[in-house]
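Now for the letters of each chain:
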Amino acid sequence: MTKRILLFLSFFTLLFNCSITEKPQFIGLNNIKVIDANADAITLSTDAMFKNPNDVGGKLKTDGLRVYINETEVATIVSEEFDVPSKNDFTIPLIVSVATDSLVDKNSLGGLISSLISQQLKVRYNGEIDYKVFGYSSSYTIDEEQIIKVKL
C-alpha cells in the first residue's frame, strides 16, 4: 500500500515540477540544398529547426510532408519518430531522393528545361510535422519554398 502511495506522490511531484507550458516552437526550414544531382536522381536536404522551452521532450514525426520541384509534386517524406530534447534548440534532418524522370511531364517540361539552363530549381515543402508528448498531440503546418542552385 505504501508503495502505491509513494508511486502516486512521485508521479504528481514529477508532473507538477516539470513545465509543459507549450509545444516546441517551429523556427523554420534551413539549409535547403541539393546534396547530389546526377542523371538518375536529385537528392535534397533541409533541416527543420525547433526550439523546446519545456522540461520534457516528446516525439516528432513527419508523415506526408510533400516535396515539390518547379510546382510538380515529386516525393513525400515519411520519417521515423525523432526524440525531442528538453530545454534545447534542435534540428531534424529531412532528406529525400527524387528520380529525375519524375520531374518530366507535359506540364512541367518547359519549366524543367528553363531550370536546367539557369541551374536553379524552385523547391517547396508542404505538409505537417506531428508532435506528441504524454498523450498530447499537435501539428506544425509546413509550407516553405526556396530557389536553389543545382549543378548537374
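To keep things clear, this report deals only with the structure shown in the data block. (Residues numbered from 1 in each chain as written. Predicted model: local features only at pLDDT ≥ 70, side-chain atom pairs only at ≥ 80, totals over all residues. Heavy atoms only, no water.)

### Some points on the sheet that holds strand E1 (residues 25–37)
One key point about sheets: their strands pair by backbone hydrogen bonds, in either a parallel or an antiparallel sense. How we decide: DSSP bridges decide pairing: two strands pair if at least two such bridges lie between them. Elements are defined by DSSP. Helices are runs of H or I of four residues or more, strands are runs of E of two residues or more, and each kind is numbered from the N terminus. Every axis corresponds to a line fitted to the C-alpha atoms, with the helix fit spanning only the stretch in contact, and the corresponding angles, defined between N-to-C directions, vary from 0 to 180 degrees.
With antiparallel pairing, 3 strands are arranged side by side in an open sheet as E1-E2-E6. Two strands lie at the open edges of the sheet, namely E1 and strand E6 (88–99), each paired on one side alone. The mean inter-strand angle of the sheet, taken between neighbouring strand axes irrespective of direction, is 20°.

### Topic: the packing of aromatic side chains
We count it as follows: Paired rings are identified among Phe, Tyr and Trp, the last through its six-membered ring, by centres lying within 6.5 Å, and are further divided according to the angle between planes into stacked (under 30 degrees), edge-to-face (over 60) and tilted (the rest). Either the NZ atom of lysine or the CZ atom of arginine qualifies as a charge over a ring when it sits within 6 Å of the ring centre and within 35 degrees of the ring normal.
All told, the structure shown has 5 aromatic pairs when counted by the stated rule. Taking the centre distance of 6.3 Å and the plane angle of 45° together, the rings of Phe-26 and Tyr-140 count as tilted. Remark: Tyr-140 occurs in strand E8 (residues 136–149) and Phe-26 occurs in strand E1; sequence separation between them is 114 residues. Taking the centre distance of 5.2 Å and the plane angle of 70° together, the rings of Phe-50 and Tyr-140 count as edge-to-face. Taken together, the residues span a long stretch of sequence, with Phe-50 in strand E2 (residues 41–52) and Tyr-140 in strand E8 at a distance of 90 residues. Lying across the ring of Tyr-140, Lys-23 places its NZ or CZ 4.4 Å from the centre. A cation over a ring is seen here: Arg-124 above Tyr-68, with NZ or CZ 5.1 Å from the ring centre.

### Let's talk about the pattern of salt bridges
Here is the rule we go by: What makes a salt bridge here is a side-chain nitrogen of Lys or Arg within 4 Å of a carboxyl oxygen of Asp or Glu, nothing more.
Summed over the entire model, instances satisfying the criterion amount to 6 salt bridges. Residue Asp-83 is joined to Lys-59 by a salt bridge in which the shortest nitrogen-to-oxygen separation is 2.3 Å. Taken together, the residues Asp-83 in strand E5 (residues 82–84) and Lys-59 in strand E3 (residues 58–69) connect sequence positions 24 residues apart. Where Lys-122 meets Glu-71, a salt bridge forms, and the shortest distance between an N and an O atom there is 2.3 Å.

### What about the pairing of E2?
Quick note on the threshold: The cut-offs for exposure are 20% and 50% of the maximum accessible area for each residue type, with area from a 1.4 Å probe on protein chains only; residues under the lower value are buried, those over the upper are exposed, and the others partly exposed.
Most of E2 sits out of view: 9 of its 12 residues are buried. One ladder, built from 9 bridges, connects E1 with E2; its direction is antiparallel. Each residue of the ladder has a partner; that of Asn-30, found in E2, is Asp-47. Counted along the chain from E1 to the antiparallel partner E2, the turn is 3 residues long.

### As for the nonpolar core
Selection rule: We define the nonpolar core as a collection of buried residues of types Ala, Val, Leu, Ile, Met, Phe, Trp, Tyr and Cys that are connected through side-chain atoms lying within 4.5 Å of one another. Note on definitions: a residue-residue contact is assigned when non-hydrogen atoms from the two residues lie within 4.5 Å.
By size, the foremost hydrophobic cluster in this structure holds 30 residues, and its most contacted members are Leu-44, Phe-50, Leu-60, Val-67, Val-123 and Tyr-125. Elements that contribute at least two residues to this core include exactly E1, E2, E3, strand E4 (72–78), E6, strand E7 (120–133) and E8. The dominant element in this core, judged by the number of residues it contributes, is E7, at 6 residues. For Val-123, the contacting residues outside a window of four places in its chain are Ile-32, Leu-44, Val-67, Tyr-68, Ile-69, Glu-144, Glu-145, Gln-146 and Ile-148.

### Side note on unusual backbone geometry
Backbone phi values are negative for most residues with the exception of glycine, while trans is the configuration of most peptide bonds. At Asn-31, a position not held by glycine, the phi torsion is positive, near 60°. Take Asn-31: it is sitting in strand E1. In this structure, Asn-70 takes a positive phi of about 50° despite not being glycine. Assessed through its relative accessible area of 17%, Asn-70 is described here as buried.

These figures come from the coordinates and say nothing about function on their own.
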